[in-house]
Amino acid sequence: MPPPPIRKISLEAPPTVVHVPPIPLNGNGNGNGAAHAGGVHTPGPPSSEAPVIERMRCDAVTIAYGPKVAVNKVDLPISQGEVLAMIGPSGCGKTTLLRSLNRLTELTPSASRGGVISLDGHDIDLLEVTALRKRVSMVFQQPNPFPMSVFDNVAYGLREGGSKRPRKKELMEPVERALTRAGLWHEVKDNLDHPALRLSGGQQQRLCIARSLAAQPEVLLMDEPCSALDPISTGKIEELILELREQIAVVIVTHNLQQAQRVADRVAFMYLGELVEYASGEQIFNAPQAQRTRDYVGGAFG
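Calculation notes
Residues numbered from 1 in each chain as written. Predicted model: local features only at pLDDT ≥ 70, side-chain atom pairs only at ≥ 80, totals over all residues. Heavy atoms only, no water. Core = buried A, V, L, I, M, F, W, Y, C linked by side-chain atoms within 4.5 Å. Buried < 20%, exposed > 50% of the residue type's maximum accessible area, 1.4 Å probe, protein only. Contact = heavy atoms within 4.5 Å. Pairing = 2+ DSSP bridges. Helix = DSSP H or I, 4+ residues; strand = E, 2+ residues; numbered from the N terminus. Expected span 1.5 Å × (residues − 1). Axes fitted to C-alpha atoms, helices over the stretch in contact; angles between N-to-C directions. Salt bridge = Lys/Arg side-chain N within 4 Å of Asp/Glu carboxyl O.

A. Looking closely at the nonpolar core. Ranked by internal contacts, the top residues of the largest apolar core, which has 50 residues, are I87, L179, I209 and M222. Ignoring anything within four residues of it in the chain, the contact list for M222 reads L98, V139, I209, I237, I241, V250, V251, I252 and V253. Within the second largest apolar cluster, 30 residues are counted, among which are I117, I124, M138 and Y278.

This is the structure:
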């Protein structure tokens, strides 16, 4: 019996860039939806009742490290009321683009950026960087709690951001609110003075999310937030992401396509620094327009 045919994908060819117009929302940001070629419907995240409000926008954003272009002329809206997932193979530029949204990329000496990134219509380059990072907060791949108590981790930004150091009693309400929003309050309320590093990995990541939320940001950036976590902790953070999207804009970078299917209202697929396709999660996973997108979500490369 002859072996099955081998499907060959040319990865050297330039990507086919598809500019997909905005898709009318049906309540969950997923458009009308289309069945994929096999007739299997892929469910997206549950509906959000919040209105979709644009908070950030990338216009012709190009980022380079020395002579190497990592992100090439990307246009992308980021809205409150929906989760935006950035997907693509390693080295495609998605984390570089994510970090540029609160100007972390510029911490690399060789990095340069062109184009405009705006927050509520204002160029982020004209904003004071500390103020920007309070409004556009970042959660990293590995949990990074400070070596201090659970309470002090969440209160850190509130203390440092004020003109005078508030007392613990004054901070209790915002700390409780942040821990509650992060789904962690009932697990740690009796151990607020315990070292944060004693928490489990999933609890530490949610603590980092609570620390970010304490400053009441408008945008939350998440770089592979579940990659180091077990399935139970991952599920809790995914539930949290879906709850937060009604209050703030959420952008997540993930290599896990199943996770993107579960949480994303909108998906941006990047390849070789290009934004190949941007559309609803249902369209990207069930009826992508670009051949390169079809190859990626179909598992031909990654």
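B. Structural detail: the sheet that holds strand 1 (residues 53–65). The strand order across the open sheet formed by 4 strands is 2-1-4-5, and the pairing between neighbours is antiparallel. Looking at the sheet topology across the chains shown, the edges are occupied by strand 2 (68–80) and strand 5 (122–123). With 2 bridges joining them, strand 4 (residues 111–119) and strand 5 adopt antiparallel strand pairing. Among the inter-strand pairings, S118 is bridged to a residue of strand 5, identified as D123.

C. Seen up close, helix 6 (residues 201–214). The terminal C-alpha atoms of helix 6, which comprises 14 residues, lie 20 Å apart, in line with the 20 Å expected from a rise of 1.5 Å per residue. Counting buried positions along helix 6 yields 13 of 14 residues, so the element is predominantly enclosed. Phi for Q216, located one or two positions after helix 6, is positive at around 55°.

D. How the structure looks around the sheet that holds strand 8 (residues 249–253). In space, the 6 strands of this open sheet follow the order 6-7-8-3-9-10, with mixed pairing throughout. Edge positions in the sheet fall to strand 6 (136–139) and strand 10 (274–280), since each has one partner strand and no second. Between one strand and the next, the sheet's axes are offset by a mean angle of 20°, whatever the strand orientation. Sitting on the sheet, helix 6 is in contact with strand 6 and strand 7 (219–223), with an inclination near 170° to strand 6.

E. Structural view of the pairing of strand 9 (residues 266–271). Along strand 9, 6 of the 6 residues are buried, which leaves the element largely enclosed by surrounding structure. Sheet topology places strand 3 (residues 83–87) next to strand 9; 4 bridges connect them, and they run parallel. Bridging across to strand 9, A85 finds its partner in V267. As paired strands, strand 9 and strand 10 are joined by 6 bridges and run antiparallel to one another. By the bridge assignment, V267 is partnered in strand 10 with A279. In textbook terms, the turn of a hairpin is the stretch between consecutive antiparallel strands, and for strand 9 and strand 10 this stretch comprises 2 residues, one of which, L272, has a positive phi near 50°.

F. Expanded view of the pattern of salt bridges. Inspection of every chain in the model, using the stated rule, returns 15 salt bridges. Between E106 and R103 there is a salt bridge, with its nearest N and O atoms 3.0 Å apart. The salt bridge involving E173 is made with R177; its shortest N-O contact spans 3.8 Å. With E173 and R177 both in helix 4 (residues 168–181), this residue pair falls 4 residues apart, about one helical turn. For E173, a relative accessible area of 57% gives the class exposed. Overall, R177 belongs to the partly exposed group, its relative accessible area being 38%.

G. Layout of unusual backbone geometry. Phi is positive for K73, close to 50°, though the residue is something other than glycine. Examined against the element boundaries, K73 turns out to sit in strand 2. Non-glycine residue Q216 carries a positive phi angle of around 55°. Looking at where Q216 falls in the secondary structure, it is placed in the loop between helix 6 and strand 7. For Q216, a relative accessible area of 52% puts it in the exposed group.

H. Main features of the side chain of S118. When you line up the elements, S118 lands in strand 4. Not counting the four nearest positions on each side in its chain, S118 is found in contact with R55, M56, R57, D123 and I124.

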